[in-house]
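Architecture at a glance
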Amino acid sequence: MRPQRTLSPATLWALGLWLALFFAPLVAGRFAVYLLGVILVTGLLAMSLNLLVGHGGAYQFHHAAFYGVGAYTAALCITKTGLPAWAGLAAGPLAAALAGLLIGSLCIRLNKLYFGMIQISLGSLLWILALRWYSLTNGDDGIHGIPLPEAIAGPGGAFACILAAVGLCLLAMHRILASPFGTTLRAIRDNPQRCAAVGIDVRRHQLAAIVIATFFAGVAGSLFVVLEGSVFPDMLFWVYSLEIFIMCLLGGWFTFFGPMLGAAIIVLLRTLVGGMTEYWTLVLGVVLIGLIFFLPEGIMGIGHRLRLYRRRAAGAPSPRENGHAAG
Amino acid sequence: METALSLSSALSQLLVGLSRAMILFIVASGLSFILGVLRVPNVAHGSLYMIGAFAAHTIATTLGGHPAGFWLAMLGAPLIVGGISLAAERLLFRHLYEREHLMLLLFTFGLALILGDLTKMVWGADYRSIVPPPFLQGSLDVLGTALPRYNLFLLLVGPAVAVALWLVSTKTRFGRIARAAAVDREMVGALGIHVSWVFAWAFVLGCVLAGLGGALVSPTISVTLGMDHTIIIEAFLIVTIGGLGNIWGALVGSLLFGVTQSLGVLLLPQFAIVFPYLAVVVILTLKPTGLLRSVW
């Protein structure tokens, strides 16, 4: 009983946009292309978090830790070992998924709040290592000037690589969320007890979701290295984890592309406001509290709600409100 | 002679660790209290601690180094922090109690972002420090080791706060109601108790402790921006290993954290900060719900 796979208009639009973006470096300036790259990488990270929080209902409080693990693994493999750079970039996501498996299997034994608190604790341990292990990570300064393969060393090549990788990741995430596994995940989010009662191994599904999400966070980490050619400890800082939450909230939980939209807005806003005032975090805080009060479902959440409303007004049976699937 | 020296350095290092643990405990117990009653990890807790330290500095320097200035600072800074938290709670936070926990957490994060930048606006990025009153300056000679008086003073304040908080939460009407509201707020409301105000005062009490911690720490470290980010992670860790909402757990966690770090300095100075984190990992691996039971 698999749902029929037809391409929805939204998917077609996304596909078209994705293909069109490949031509961005031809028309846009260097800085605009760079910003697009930042948005894509950050958006991928936010979407991987939403996979767990929006669809999985897990309190993944320290997602940035896995982003950092991915980025640092890639950076260290390239700079400290003789491995080819591509292997280093591929090692990033794998290391992040491994960290996700280890930390996840510790967290998964506990319910929501404890899960989040332990994750913040363990993630902060990784941050401390990145910050203090000078001989390996260069501490506060981070690692700069990471040599990349020639094909992706320039801004154009880096952008194409990021766009291609993010596209593939989004496709994979979309398939995962539309699969029976994704449906089970949302069922667990909505009612874990009932899922356990009908024989679903709740923890194993959640752990699998963590590994998948941290893998994508690791991809984002590797892509960060491609984009910036550097890594620094702040990537693993808990404040950044919560910033990713803001992106998901802004774009809309429970929607597929919401976090990408949220990331785009936050990145652009930061560039804009950061150029005008040193009090960017104040602005971010006000935006966040405004969102919580006035737009808790995010920007794409409104569209979803409108669609539901229209469908209901037309007399069609409405799907369950929070059971909204990907796409 | 050499062993005596290392013994004395170990002793003074231990005292540093213990007094650091007392500060951590005062902050973490406030976090734990809020977590117990409201079920929200208050991310703004670190910012309130920082504001407490800055406010203490302002009060103490306004009085021009008079010894009374120190005590007024210890009293006034927590009150200022309490006022800020009461305003935030009544104006904004209370409208969110019906929402998901994630929203409450994100709200406190938004508050932390705003308070952090407001602190920067008001006090700037300078390093500051305040001077304790004369009888807390200098050091006492114990077993041939010079122990700073102020650190010994902190060793008295920490347990006093622990006992006071324990008395408030178990022996007073407010404490009982707060604990009941944590378990079943609807039932408590049905009994005619204004749950919203119970939550407000619980939040304020926890935040006042953050302010007190900030005020007390200000003579021992340089007060500066960014001190909010480190303390909040340490307080989170302590609360997690101690058992959420358990005051004594917060005490045990703080001692463990402070002492492993200060003794770690003797072993591997550069990685001293890693030791408490490692201790946390070991404890959570063995006992994921923390050392002591959550009492709520």
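Residues numbered from 1 in each chain as written. Chains lettered and ligands numbered in written order. Predicted model: local features only at pLDDT ≥ 70, side-chain atom pairs only at ≥ 80, totals over all residues.

This part covers the overall build of chain A. Along chain A, the regular secondary structure elements total 16 helices and zero strands. Computed over the C-alpha atoms, the radius of gyration of chain A is 20 Å, within 12% of the 20 Å expected from 2.2 N^0.38 for a compact globule of 327 residues. Principal-axis analysis of the C-alpha atoms gives chain A an extent of 60 × 50 × 40 Å. In chain A, which comprises 327 residues, the proportion classed as buried is 49%. Look at the contacts in chain A between residues 6 or more apart in sequence, and 78% of them connect residues 24 or more apart. (Helix = DSSP H or I, 4+ residues; strand = E, 2+ residues; numbered from the N terminus. Rg over C-alpha atoms; globule rule 2.2 N^0.38 Å. Buried ≥ 20, exposed ≤ 12 C-beta atoms within 10 Å, placed from the backbone. Contact = placed C-beta atoms within 7 Å.)

Let us look at the overall build of chain B. Helix and strand content of chain B: eleven helices and two strands. For 296 residues, the compact-globule estimate of 2.2 N^0.38 gives 19 Å, and the C-alpha radius of gyration of chain B, at 19 Å, lies within 12% of that figure. Counting only C-alpha atoms, chain B reaches 70 × 50 × 35 Å along its principal axes. Buried residues in chain B amount to 51% of all 296 residues. Nonlocal contacts in chain B, meaning residues at least 24 apart in sequence, comprise 77% of its contacts between residues at least 6 apart.

Right, let's get into the pairing of strand E1 (residues 139-142) of chain B. All names here are of chain B. Looking at chain direction, E1 and strand E2 (residues 145-148) are connected through four bridges and run antiparallel. When the sheet's bridge partners are listed, Leu-140 is paired in E2 with Leu-147. Joining the antiparallel neighbours E1 and E2 is a turn of two residues, in which Leu-143 adopts a positive phi near 50°. (Pairing = 2+ DSSP bridges.)

A word on the interface of chain B and chain A. With 33 residues of chain B at the interface, the matching set in chain A holds 29 residues. Broken down by secondary-structure element, the contributors of at least two residues to the side of chain B that touches chain A are helix H4 (101-123), helix H9 (227-242) and helix H11 (274-286) of chain B. Top contributing element to the side of chain B that touches chain A by residue count: H4 of chain B, with twelve residues. Residues that form the side of chain B that touches chain A fall into these classes: 24 nonpolar, seven polar and two charged. (Nonpolar A, V, L, I, M, F, W, Y, C, P; charged D, E, K, R; others polar.)

This part is about the confidence of the model for chain B. Detailed reading of the predicted model is not advised wherever pLDDT is low. Counting all residues, the mean pLDDT for chain B is 86, and 97% of those residues have values of 70 or more. Confidence estimates for the predicted assembly give a pTM of 0.87 and an ipTM of 0.86. (pLDDT = per-residue confidence, 0-100.)

Here we take up the packing of helix H2 (residues 45-62) of chain B against H4 of chain B. Residue and element names in this part refer to chain B. It is at 9 Å that the axes of H2 and H4 come closest, and there the two elements cross at 20°. The orientation of H2 relative to H4 falls into the category roughly parallel. Of the two elements, H2 crosses H4, and the hand of that crossing is left-handed. Counted together, Gly-46, Ser-47, Met-50, Ile-51 and Phe-54 of H2 and Ala-112, Leu-115, Gly-116, Thr-119 and Trp-123 of H4 form the full contact between these two elements. Tallied by class, residues from the contact of H2 with H4 come to six nonpolar, four polar and no charged. (Axes fitted to C-alpha atoms, helices over the stretch in contact; angles between N-to-C directions. Parallel < 35°, antiparallel > 145°, perpendicular 65-115°, else oblique. Left-handed = near helix turned anticlockwise from the far one by under 90°.)

We now examine the environment of Glu-234 of chain B. Residues and elements named next belong to chain B. Summarising the element assignment, Glu-234 is placed in helix H9. Overall, Glu-234 belongs to the buried group, with 26 C-beta atoms counted inside 10 Å. Expressed as a C-alpha distance, the spacing of Glu-234 and His-45, which sit 189 residues apart in the sequence, is 11 Å. In this structure, Glu-234 is in contact with Leu-24 and Phe-257, ignoring residues within four places of it in sequence.

Take unusual backbone geometry next. Of note, the phi angle at Asn-138 of chain A is positive, near 70°, even though the residue is not glycine. With respect to the helices and strands, Asn-138 of chain A occurs in the loop between helix H7 (134-137) and helix H8 (150-153). A residue is classified by how many C-beta atoms lie within 10 Å of it, and Asn-138 of chain A, with 17 of them, is partly exposed. Within the chain, Arg-39 of chain B stands out as a residue other than glycine whose phi angle is a positive 60°. Its place among the elements puts Arg-39 of chain B in the loop between helix H1 (2-38) and H2.

Residue and element names in this part refer to chain B. The interhelical angle for the contact between H2 and helix H3 (residues 67-91), taken along N-to-C directions, is 140°, at an axis separation of 8 Å. Relative to H3, the element H2 is oriented oblique. In terms of crossing hand, the pair formed by H2 and H3 is right-handed. Residues Leu-48, Ile-51, Gly-52, Ala-55, Ala-56, Ile-59 and Ala-60 of H2 form the contact with H3, whose own contacting residues are Gly-69, Phe-70, Leu-72, Ala-73, Met-74, Gly-76, Ala-77, Pro-78, Ile-80, Val-81, Ile-84 and Ser-85.

Once that is clear, we can look at the environment of Leu-288 of chain A. Along the polypeptide, Leu-288 of chain A turns up in helix H15 (residues 280-294). With 25 C-beta atoms counted inside 10 Å, the residue Leu-288 of chain A sits in the buried group. Taking the C-alpha atoms as reference points, Leu-288 of chain A and Arg-189 of chain A, 99 residues apart in sequence, are found 24 Å from one another. Not counting residues up to four positions away in its chain, the partners in contact with Leu-288 of chain A are Ile-246 of chain A together with Leu-106, Phe-109, Gly-110 and Leu-113 of chain B.

Taking 1.5 Å per residue, 21 residues should reach 30 Å; helix H10 (residues 247-267) of chain B reaches 30 Å between its end C-alpha atoms and fits that length. In terms of residue burial, H10 of chain B counts as a mostly covered element, since 16 of its 21 residues are buried. (Expected span 1.5 Å × (residues − 1).)

Here the focus is the environment of Leu-19 of chain A. In this fold, Leu-19 of chain A is placed in helix H1 (residues 9-21). In the structure, Leu-19 of chain A is positioned 115 residues away from Tyr-134 of chain A in sequence and 42 Å away in space, judged by C-alpha atoms.

Here we take up the nonpolar core. Residues Leu-44 and Ile-162 of chain A together with Val-27 of chain B are the most contacted members of the largest nonpolar core, which totals 204 residues. When residues in this core are grouped by element, the largest group, 15 residues, is from helix H8 (residues 195-217) of chain B. Discounting residues that sit within four places of it in the chain, Ile-162 of chain A has contacts with Gly-37, Leu-40, Val-41, Leu-223, Val-226 and Leu-227 of chain A. (Core = buried A, V, L, I, M, F, W, Y, C linked by C-beta atoms within 7 Å.)

Moving on, we come to the confidence of the model for chain A. Considering every residue of chain A, the mean pLDDT works out to 87; 94% of them sit at 70 or more. Between residues 318-327 of chain A, whose pLDDT stays under 50, and residues either more than four places distant or in other chains, the model counts 22 contacts.

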